Each structure stands twice: as C-alpha cells, then as structure tokens.
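Per-entry structural report
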Amino acid sequence: MPDPNRPKSVYFFGTCLIDLFYPEAGLAGMDLLRREGLRVVFPDRQTCCGQPARNNGHQDEARAVARLQLDSFPGDWPIVVPSGSCAGMMKTHYPELFEGTPDHARAVAFSARVFELTQFLVEVLQVRLEDKGRPVTITWHGSCHSMREMGVVDQPKALLRQLANVTLVENPREMECCGFGGAFAVRQAEISAAMVTDKVISIEETGAAQVISGDCGCLMNITGAAEKAGKRFTGRHIAEFLLERCHGR
Amino acid sequence: MAADARISNFGAKAHIALNDPKLRANFRRAMDGLMSKRAAQFADPDEWTALRARGAAIRARALAQLPELLERLEANCTANGIQVHWAETTQEANAVVLGILQAAGAKRVIKGKSMVTEEMHLNAHLEGNGIEAVESDLGEYIIQLAGEAPSHIVMPCIHKNKAEIAELFADKIAGLAYTENVDELTAAARAALRGRFADADAGISGVNFAVAETGTLVLIENEGNGRLSTTLPPLHIAVTGIEKVLEKLADVAPLLSLLPRSATGQPVTTYVNMISSPRKPGEKDGPRAVHLVLLDSGRSRVYGDVELSDTLRCIRCAACMNHCPVYTRVGGHTYTFTYPGPIGKILTPQLEGLDCAGDQPHASTLCRACADVCPVEIPIPDLLVRLRTEAVKPSAAAAVKGGGSGKSRAESLGWAGWTLMYGHPLAYRLATWGMALVGNWLPASAPMLKQWTSVRTKPKFAARTLHQLAREKGYGHE
Amino acid sequence: MSETPRARILARLRAAPRRPAPERPHWEPPAFGAGAKAKFRAMMEASHADVHEVTRADWPDRLRTILANKGVERVLYAPATLAGAQLASAWGDGNSPRLMAYDRPVEEMKEVLVHQVQAAVTMARGGIAQTGSLVLWPTADEPRLMSLLPPIHVALVEESAIGDSLAVTMAAQGWAAGMPTNAVLISGPSKTADIEQTLAYGVHGPKELIVLVISDEAK
C-alpha cells in the first residue's frame, strides 16, 4: 500500500569526500533510492557542508559555504546524505550557524529536511533487500557523528541483517572513535595514529573480511591504516555494499 | 593573573605518553573497567534521561542565580558559625588559607582530596611557609610520595599499576617490606597516616556541593579520610570554586544519584558527609573552627558568557575522561594543568587563557562520547568548537582570556582559499576536476599528507568526480 | 566601593547577562514498597556490611554474642541515648565485652578512642533502601567519632525508619528545616579502589560495619 506521506522526489547531497574519493559510493546511494521508485536529483551547484571550517573555528567561512548549500537545494524535498558526519553538520549545526542572520529561517527549514542515507532507507522507505551475493562475514563501523549526532545506531545494521548470506559480527569496540576527526589527523597525528591502529586491530579481531561504514572519512582512515599495516580485510561504504548484494556482485 | 607560567604542549607530552606501553596499558584497562561499571549502573535509558535532565536543570538553576545563592550560602554558613572568605585569585586563596593557619599556630595540616587546592598549588605554598601538608586520600598519598601530580580528578594515581605502587611504598615507607598485596599496601598506608590525623593542627578539604539553603558543605568519599580530616583537627578549612553552590538541600539527592555512578560505577560513596557548623557547645568532638574559602580564579569570567558558563555546571565526576578516546591513550599528565580530559579541555583554556592552552580544544575528534555521558549535560564538543572559534576570532565581549591568540596568517589564508573554492560552484568543479587528474601524483611526503601517511596509505583520488558521474547517470536534473 | 574580593566577584557575576533559571523537570527516585528492607539489606551486604535483623528486646544480647565471637573486648557507647541506656542495662558492668562511655570531650578521650575500644555502637536516624545507607545524625550525646575511629561500627536502625531513597528520607524527616553540625550517610565499611582499581576495606574509617535492623516481631 503506497504511503501517502512517502516522498516522490529527493535531493542527494554527495559530500565533498565522496565527490573526490568515493564517487561510486555516491552513485550507489542514488541508485538505491532510484530503485525504490523515487526521483533522485543531484544539484550540480552543491559543494561541501562546511564542517571543516566550522570545526576549526572559522564560522564566517563555514557560513559562506553553507549558504551555497542552502541555495542549491531550493525545493521542499528531503535531502539524503551518505554520511552521518555531514548530515549531522547540516541537521544539528546549520540552525545555530545562521542564528541572528537573515538566513536563519531558511537554515532551520533546510535542516529539517536532512536525512542520513540508512536512516532514510529504513525509517522513510522501509526498504526490503534481497541478498543475491555469496556468503561473506562483515563487521560494521558506526561513525561517531552518525551515532551521536544523528542517532543512527541500529538502522545500518538493520539493513545489513536483512541480507541472508551476510554474517554480521559485532565489534566490541564499535563505539570507539576511529581517530579521523578531520584536521585532528594532522594536528594530533600521533594520537590519531594510535586510535586508528587500535580500531584496525579491533576490526581484525572480529575475523570479518570487510568493514562496512556509512562515513567515508572513517573509511578512508581505517582502510588506509589497514592497507599500510598489511591487514587482510577491506572496507566498503554501506551504499556500495548493499547495491552489490542486491545485484549479486 | 595566572599563578604559574606553564604552557600546554599537548603534542609533545602526548608523544611521551603514547610511547609508554605500561602507561597505555594501565589507562586502557582502567578506563575499560570504569566505562563498563558506569554502564551497569545506568542500564535503564529512561532513568538516565530523566535523572540527568534533573541534574542539568539543578546546576543551570544554581548558575542562573549564582550571585544570590553565594550570598545566601555565606549568610547561612555564617549564621551556623562557619567563617566565609572570598578570594579572586589562587594567590589570594593561598594567602587566606595561610593566614588562617598562622593565626591558629598550625604547623601540620592533613588534607582531604581537593582538586581546587591542586589548582592553587596549596601544598607547595604551605611547605614554602614552613607548614607541612600531608595528603590523606590513598591515591593522593601515593602521588605525594612519588612527587607527581594527579592524572585523573577522581582516581589520582590511576596511571600507576600495583607493582609501581609496591615499589614506591617499599622505598618510601620506613620498615615496610616489598609487597604487591593490595590489602597489605592499604594497611601500610592506614598505619602511616593514622597518627597524622591525630597530630594535625588543621584539616583542609574540598567541597562537592555547597548548599545555600542550609549553609551545608557536602563532601563525598569512600575511605573515611575526609571525615577524619574534618573532624579530628581543631581547625577545618574547606575550599571550593564559586560554581559549586546548590540552591536547595533536596538538590543533593539527584546529584548524589549521578556523581558516584558516573564516576566509579558505585551506587553511592561509602560516606556522604554533611557539615553545617563547627563544634557546638556541649558537643564532644569536631573542629572548634570551620572556614570556607570561595575561590573565583577566572570562573566569574567564564560566567560572563552564557554559552560558555555551561562549563561551570561540572560536578567533577570524571565520566567524560573515562570515556574519552584521547584521554585513554595519553593520560592526565599530558594536559599539564589541574583538570585533564574533556572537562579540562574546555575549562583550562578559559581559566589559563587560550594563549597558554590553545592547543587543548583541538586535541579532540569531537566524537561526542563525553557529551553522551555527562550527568549534567554539558555540551562539551560544542564548547570545544566555540573555544576553537574564540582562538581565531574573539567574540566582541572578549569572552575568553587569550582570545585571538590562535590566529595565524597562514591558516587565515588557507581558509580564505578554501572558501573561494567551496563557496563557488564553478571554482569547485574546476578544482575538483583538476584534483581528479593530478591528485594522485602528490607525494606521500607532502606537508599534511606526511602525517597522514605515517600510518596510512595515501587517499586515492577517483578518476571522475561524483559531480561528473551524476550528470552522466541522469541525476543532474530536477 | 568594589574594594573587597567579595564585592568585586559579586559585581562581575552581576554584570554578566541574566539567563533563565529553568524549572526542575520531573524526576522520581525508585520506590520499593514492602521490599524496602530487603533492598536495604542486599545493598548493605553488597558493600560488605553485616546486617542482622533483631528485635527491640533481644538486640543487646545478640550484639554481645556477635562481638564476643569477633574477640571484641571493649565497646564504646553513648550512655545518654536510648540505645546506650538499653545496652548498659542489658550488659551491666560485665567484662565481655566491657562498655566504655563517650561522655567527655574528645581531647580527654584520645587514649580510649584510638587505642582501647575495638567497636562503637550508635543509633541511626534512618536508612535508605536504594543505596543501602544509614543516616547518622550525631548529637552532643552521640558524638561523630564513634562511627569513625573504632575499627568496628555497630549501628541500630528501626525497620520503620528505612526509607526508599535519599530524596524521600530528606523530605520525610524535614532535614532542610535544620541540619546538625554534621550529618553523615554511611553505606558500608571504609574502602578504596585506588590501587589498580582493586577493592580494599578499612582504609581510614571502620573496617567493619554491623547493622542491626530493629523490628518488634521475633525473627
């Protein structure tokens, strides 16, 4: 029974990291939405949510870039984001970023339309996935912002658990930050290195062949460290992984 | 204004800590234990939500009425016979305490655990004036023997393992044979300190909560040294920051349900000591004189900014540092100043200045683990970002000492360039197209990339950007 | 004139922007109903306290047996309290154990307190089930150090005075109307976990806490 509240069209906010390093994950995200019958639009003018500037204390710069995003998603549609970190920035911090400016009302309205991808798939679309892939053991890495700013903890795992041939192993240190933190990886490089090393070890100890994540910052961090350390497991963004399983690749 | 000339050097100190496997193991084990104990206490999410909302409101209420409540506290304490003193700086507070001790002819002081007196470097000041101050809390006693500063605000010697403590005791306690048996070590400390309580001319303590309604000082502890220090000596001096005041006695109940469970995963501390006056006529024990010293030391400036004054809600439970992935790896001494961990990263720069501790707000990935467990809902990550902002662009009201000290020409230029690229669609598409073409030629040793590649492979630029691919796949149009 | 530290501190605080004082949101501590005593006992025992259910008539004899079994020879008591009077009447001038009165200021009692008595008996104003805590309300007749210096502390609490929680007990007993010189909640023998987070008992306060829960029924 079609849900009258179910949107017919959505915007997709790709994120700047996906744009440059993981475009396939962005495409997979849009494909997943399109195959549910939605019209998916990727506004060409979008760039970055502005989080790097905000987090480094440069609010004017963050605001300037955020304003471009407010301009680029004019319609009333949901804005689906394949990153809990960027979604969190736009959902929880845009209103305060524009407080006291003429764009405040716009920012509030914009932030109300923001969804993290798995959140949207589970809560709004209630997708059902059919697993056509071969058996594989995976573990999940939930990004800190996804879990703690967007409240996205179980939704991705709920999607992964739908896949019959996928064994999801829990990582006891799942809640621990992987150490990326944007500029932190450079400013406190040694601490960041210690954190990602511990995270990689904890993933290896799960015995999983792949670590799946909803955030490419974390993914880049973890897989980069795993690769350098010669670890056997690889990493994948959840959108790519889900699409692959649906197509039996 | 600051008593000391120390500067935070987080990276350098972290380097030392990260390369100390024993220290890392000690902290990892300790924090894991404290996290799981706390989780067991707060297994009911609804109870946690309601309780911390109550705790946050109680603290926010008290802060909203701070000047009035401090006056009420003073009036009620005074009516009860407690003498109240005010100090703007730690130097002033040290002078006040010294003055009280000298007036009483006190030469030996026994101390209960107090982070505020650490902030004041009180022990050193007293020693310098010929007054011996012995720490009676076991953890503080241990680090006093070792000549170290506390590395955690609740468990001061958490960075030491049993063997290290055994060696310390065998070395410093006369007549004690080497033992790693915890009961024997504890008994040795008890014996060594027993006589000190009885001989002391004065006891000095901190205060967990100061209740304005009744003029009551609430001190919580497990060992009994706090009660002994504040009951046996003829003089008791309590020191507190001005932010610790509560409006009502009833407010103690929810906070008491939050603090021990958050700190060590205990339902309650062994002793909750509520002091309202010195020994009254007819009473047979207790100090003849009780003094309360109210210390400002930068707190009134923190109070001046409504957003930042949330920092002052802190009830010093240490849950934030127990859950902090950064603290766990580097330990408390990396933070240089009195308060480590997430609370330290927001409090220290405000008390000492961003010019002295500007690197601390940046020593965080903003993972929010601290905010999740703070029993009084301090939005620590948001305050970290606020402080990062004050460091490069101070607010009009100059809310934070040392604001603007983090501004650098290079960084400003960098962000201006970033804004040009990310704030303009055409510039962005041009730049990303260029990066897709040549980005992978960047050597791993390039600045910034060098830190990344020390433990990771280089990020790989995709051949085509998502912008390009999206257009091709028909996602580009409304 | 803003001359004193006090005046300057208060002036700075008052110069700050006013902010709203939020209402206290609803919060209720747990209630245990008829299970309060059992909860109290369980929490106390989890903290290594010994809990005995006694009657008003038999507790002095029960206590004598308990302490004799521990080899206690001298017990500190407060003669001018109800419990003290009952104890003196039941034990008389006997020697096992011998009663010593805390009836002079501490300055005259140091030898007794520090070197002679092995246990002290006090009353408790009440108990708290949620946390397994005793409410001690020392007075001129029952001084503070009784529950602190001797290695064994014996506390008597009426079953009917065991409240569900601190909040409820504070309100029911009207604490805010007048606090004593020193009130203390005691939730077990003294302990520490400072050495590698390993629990050790009897650090500075009493090593043992014995709680006698008094009811009128025979058990």
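The rules we used
- Residues numbered from 1 in each chain as written.
- Chains lettered and ligands numbered in written order.
- Predicted model: local features only at pLDDT ≥ 70, side-chain atom pairs only at ≥ 80, totals over all residues.
- Helix = DSSP H or I, 4+ residues; strand = E, 2+ residues; numbered from the N terminus.
- Rg over C-alpha atoms; globule rule 2.2 N^0.38 Å.
- Buried ≥ 20, exposed ≤ 12 C-beta atoms within 10 Å, placed from the backbone.
- Contact = placed C-beta atoms within 7 Å.
- Nonpolar A, V, L, I, M, F, W, Y, C, P; charged D, E, K, R; others polar.
- Pairing = 2+ DSSP bridges.
- Axes fitted to C-alpha atoms, helices over the stretch in contact; angles between N-to-C directions.
- Domains from an automatic or database assignment.
- Expected span 1.5 Å × (residues − 1).
- Right-handed = clockwise from strand over helix to strand, strands pointing away.
- Parallel < 35°, antiparallel > 145°, perpendicular 65-115°, else oblique.
- pLDDT = per-residue confidence, 0-100.

Turning our attention to the overall build of chain B. Summing up its helical and strand segments, chain B has 23 helices and 10 strands in all. In terms of overall dimensions, chain B is globule-like: its C-alpha atoms have a radius of gyration of 26 Å, near the 23 Å expected for 478 residues. Taking the principal axes of the C-alpha coordinates as reference, chain B spans close to 90 × 55 × 45 Å. Burial statistics for chain B: of 478 residues in total, 59% are counted as buried. Contacts in chain B between residues at least 24 apart in sequence constitute 74% of all its contacts with a sequence separation of at least 6.

When helices and strands are tallied, chain C shows 6 helices and 12 strands. Projected onto the principal axes, the alpha-carbon positions of chain C cover approximately 70 × 45 × 40 Å. Counting the 219 residues in chain C, one finds 47% classified as buried. Sequence separation of at least 24 residues holds for 74% of the intrachain contacts in chain C that already meet a minimum separation of 6.

Take the arrangement of the chains next. The chain pair with the greatest number of contacts, out of 2 pairs of chains in contact, is formed by chains B and C. Between chain A and chain C there is no contact; the minimum C-alpha to C-alpha separation amounts to 18 Å.

To continue, consider the interface of chain C and chain B. Each side of the interface is counted separately: chain C has 63 residues, and chain B has 74 residues. For the side of chain C that touches chain B, the secondary structure elements donating two or more residues are helix 1 (5-15), helix 5 (110-116), helix 6 (166-172), strand 9 (182-186) and strand 10 (191-192) of chain C. The biggest single contributor to the side of chain C that touches chain B is helix 1 of chain C, with 8 residues. Here the side of chain C that touches chain B is built from residues that sort into 37 nonpolar, 13 polar and 13 charged.

The next subject is the interface of chain B and chain A. At the junction of the two partners, chain B supplies 55 residues and chain A supplies 55 residues. For the side of chain B that touches chain A, the secondary-structure elements that each account for two or more residues are helix 1 (10-18), helix 15 (325-330), helix 18 (369-373), helix 19 (380-392), helix 20 (409-422), helix 21 (425-438), helix 22 (449-453) and helix 23 (466-472) of chain B. Residues of the side of chain B that touches chain A, tallied by class, amount to 29 nonpolar, 16 polar and 10 charged.

Further remarks concern the sheet that holds strand 4 (residues 119-123) of chain C. All names here are of chain C. Spatially, 6 strands are ordered 1-12-7-4-2-3 in an open sheet, and the strand pairing comes out parallel. Two strands close off the open sheet at either side, each with one partner strand: strand 1 (50-55) and strand 3 (98-101). Each neighbouring strand pair of the sheet contributes to a mean axis angle of 25 degrees, computed without reference to strand direction. With 6 bridges joining them, strand 1 and strand 12 (residues 208-215) adopt parallel strand pairing. Each bridged residue has a counterpart across the sheet, and for His-52 the counterpart in strand 12 is Leu-212.

Further remarks concern unusual backbone geometry. Residue and element names in this part refer to chain B. Positive phi, normally seen in glycine, also occurs at Arg-316, with a value near 60 degrees. Tracing the backbone shows Arg-316 in the loop between helix 13 (299-303) and helix 14 (319-323). Judged by C-beta crowding, with 16 C-beta atoms within 10 Å, Arg-316 ranks as partly exposed.

Next up on the list: the domain arrangement of chain B. Domain parsing of chain B yields domain 1 (65-300) and domain 2 (412-472). Put simply, the middle of domain 1 of chain B and the middle of domain 2 of chain B, counted by C-alpha atoms, are 55 Å apart.

Moving on, we get to the sheet that holds strand 7 (residues 210-213) of chain A. All names here are of chain A. Strand order across the open sheet formed by 4 strands is 6-5-7-8, with parallel pairing between neighbours. Sheet topology places strand 6 (166-169) and strand 8 (234-237) at the edges, where each strand pairs with a single neighbour. Across the sheet, the mean angle separating the axes of adjacent strands is 35 degrees when strand polarity is ignored. Relative to strand 8, strand 7 is paired through 4 bridges, and the arrangement is parallel. Residue pairing in the sheet places Val-211 in a bridge with Gly-235 of strand 8. Taken strand by strand, helix 12 (residues 216-228) contacts strand 5 (136-141), strand 7 and strand 8, and its axis lies near 170 degrees from that of strand 8.

Walk down a regular strand and you will see the side chains alternate between the two sheet faces. Residues and elements named next belong to chain B. Of all 7 residues that make up strand 10 (residues 289-295), 6 are buried, and the element is covered over most of its length. Pairing of strand 1 (residues 82-87) with strand 10, which is carried by 6 bridges, proceeds in the parallel orientation. Within strand 10, the residue paired with Val-84 across the bridge is Leu-292. As judged from the 7 bridges shared by strand 7 (residues 235-241) and strand 10, these two strands associate in the parallel manner. When the bridges of strand 10 are listed, Ala-238 appears paired with Leu-292.

Another aspect to go through is the environment of Ala-68 of chain C. The residue Ala-68 of chain C is located in helix 3 (residues 59-69) in this model. Separated by 29 residues in the primary sequence, Ala-68 of chain C and Pro-97 of chain C place their C-alpha atoms 6.6 Å from one another.

Residues and elements named next belong to chain A. Along its 13 residues, helix 12 runs 18 Å from first to last C-alpha, staying within 8% of the 18 Å computed at 1.5 Å per residue. Among the 13 residues of helix 12, 11 are classified as buried, and the element is accordingly described as predominantly covered. Taken residue by residue, helix 12 has Cys-216, Gly-217, Cys-218, Leu-219, Met-220, Asn-221, Ile-222, Thr-223, Gly-224, Ala-225 and Ala-226 as its buried positions. Immediately downstream of helix 12, the backbone of Gly-230 shows phi near 70 degrees, a positive value.

Residues and elements named next belong to chain A. Note: strand 5 against strand 7, 4 bridges, orientation parallel. For Trp-140, the partnering residue across the bridge sits in strand 7 and is Ile-212. Read from strand 7 through helix 12 to strand 8, the crossover connection turns out right-handed.

Among the 9 residues in helix 8 (residues 138-146) of chain B, 7 count as buried, and that is most of the element. Every buried residue of helix 8 of chain B is accounted for by Leu-138, Gly-139, Glu-140, Tyr-141, Ile-142, Ile-143 and Gln-144 of chain B. If you follow the buried residues of helix 8 of chain B, they end up packed against strand 3 (132-135), helix 9 (162-172) and helix 10 (182-199) of chain B together with strand 10 of chain C. Looking one or two places after helix 8 of chain B, you find Gly-147 of chain B, whose phi comes out positive at around 70 degrees.

Here we take up the environment of Met-44 of chain C. Residues and elements named next belong to chain C. Mapping Met-44 onto the fold places it in helix 2 (residues 36-46). Between the C-alpha atoms of Met-44 and Leu-134, which are 90 residues apart in sequence, the distance is 9.3 Å. Residues contacting Met-44, with those up to four places away along its chain left out, are Ala-49, Val-51, Gly-132, Gly-188 and Val-211.

Two quantities define a packed helix pair, namely the angle between the axes and the distance from one axis to the other. All names here are of chain A. At a minimum axis separation of 8 Å, helix 5 (residues 84-97) and helix 6 (residues 104-112) run at an interaxial angle of 175 degrees. Relative to helix 6, the element helix 5 lies roughly antiparallel. Seen from helix 5, the contacting residues are Met-90, Lys-91, Tyr-94, Pro-95 and Leu-97; seen from helix 6, they are Ala-107, Val-108, Phe-110 and Ser-111. Taken together, the residues of the contact of helix 5 with helix 6 break down into 7 nonpolar, 1 polar and 1 charged.

Now for the environment of Leu-148 of chain C. Along the chain, Leu-148 of chain C turns up in the loop between strand 6 (133-136) and strand 7 (152-158). Given 27 C-beta atoms within 10 Å, Leu-148 of chain C falls into the buried group. Sequence-wise, Leu-148 of chain C and Met-109 of chain C are 39 residues apart; in three dimensions their C-alpha atoms are separated by 14 Å. In contact with Leu-148 of chain C, other than residues within four places in its own chain, are Gly-224, Arg-227, Leu-228 and Thr-231 of chain B together with Gly-205 of chain C.

As a further point, take the packing of helix 3 of chain C against helix 4 (residues 82-91) of chain C. All names here are of chain C. Axis separation between helix 3 and helix 4 bottoms out at 9 Å; the angle between their running directions is 70 degrees. Taken together, the axis directions place helix 3 and helix 4 in an arrangement best described as roughly perpendicular. From helix 3, Pro-60, Asp-61 and Arg-64 reach across to helix 4, where they touch Gln-86, Leu-87, Ala-90 and Trp-91. Here the contact of helix 3 with helix 4 is built from residues that sort into 4 nonpolar, 1 polar and 2 charged.

Turning to the confidence of the model for chain C, a few remarks are in order. Regions with low pLDDT should not have their predicted coordinates read in detail. Predicted confidence across chain C gives a mean pLDDT of 94, with 98% of residues reaching 70 or more. For this predicted complex, the interface score ipTM comes out at 0.97, alongside a pTM of 0.96.

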